[in-house]
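Structural overview
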Amino acid sequence: MPSLKLTDDTFARAVYDAGIPVFVDFWADWCGPCHAVAPLLEELADELKEFVVIAKLNIDENPLTAETEAIHSVPTFKIFRDGAMVAQDIGAYTKDALRNWILETVG
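Residues numbered from 1 in each chain as written. Predicted model: local features only at pLDDT ≥ 70, side-chain atom pairs only at ≥ 80, totals over all residues. Heavy atoms only, no water.

Under the definition given, this model contains 1 disulfide. Covalently, Cys31 is tied to Cys34 through a disulfide, its sulfur atoms 2.4 Å apart. Every disulfide takes its handedness from the sign of the S-S torsion; for Cys31 and Cys34 that torsion is 80 degrees, giving right-handed. A residue is classified by how much of its surface remains accessible, and Cys34, at 1% relative accessible area, is buried. (Disulfide = S-S within 2.5 Å. Buried < 20%, exposed > 50% of the residue type's maximum accessible area, 1.4 Å probe, protein only.)

Structure below.
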């Protein structure tokens, strides 16, 4: 399952109303570390689909959500559960580090 592409129009419904936790990657085309972590997140989207939805939001194409979520650096990762943010981190990580952080957070 590929990661879910979010927009300003779909963010609230897809993230706040989701039945399972949602991991959101806030990224930009000009961000090198964002491109480095993208294939890892695609792999994790399939591996962890029973536990979490992996989603992506391009901050340049969706400035309203980027502002609402106070995104000042990319990549920024946020995990939401039951409509609330439960974890946040910034920076590129290895696949194992991302998997471990996600699983520790979503239980």
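Summed over the entire model, instances satisfying the criterion amount to 8 salt bridges. In this structure, the salt-bridge partner of Glu69 is Lys78, at a minimum N-O distance of 3.0 Å. Its relative accessible area of 8% is what places Glu69 among the buried residues. With a closest N to O distance of 2.7 Å, Asp96 and Arg99 form a salt bridge. With a gap of 3 residues between them, Asp96 and Arg99 both fall in helix H4 (residues 95–106), about one helical turn apart. (Salt bridge = Lys/Arg side-chain N within 4 Å of Asp/Glu carboxyl O. Helix = DSSP H or I, 4+ residues; strand = E, 2+ residues; numbered from the N terminus.)

Before going further, it helps to spend a moment on the sheet that holds strand E3 (residues 53–58). Taking strand neighbours across the sheet as the criterion, the 5 strands line up as E1-E3-E2-E4-E5 in an open arrangement whose pairing is mixed. Of all the strands in the sheet, the pair left with one neighbour each is strand E1 (4–6) and strand E5 (84–90). Taken pair by pair, the neighbouring strands of this sheet meet at an average axis angle of 25 degrees, ignoring direction. Note: strand E2 (residues 22–27) against strand E4 (residues 76–81), 5 bridges, orientation antiparallel. What sits directly across from Val22, in E4, is Phe80. (Pairing = 2+ DSSP bridges. Axes fitted to C-alpha atoms, helices over the stretch in contact; angles between N-to-C directions.)

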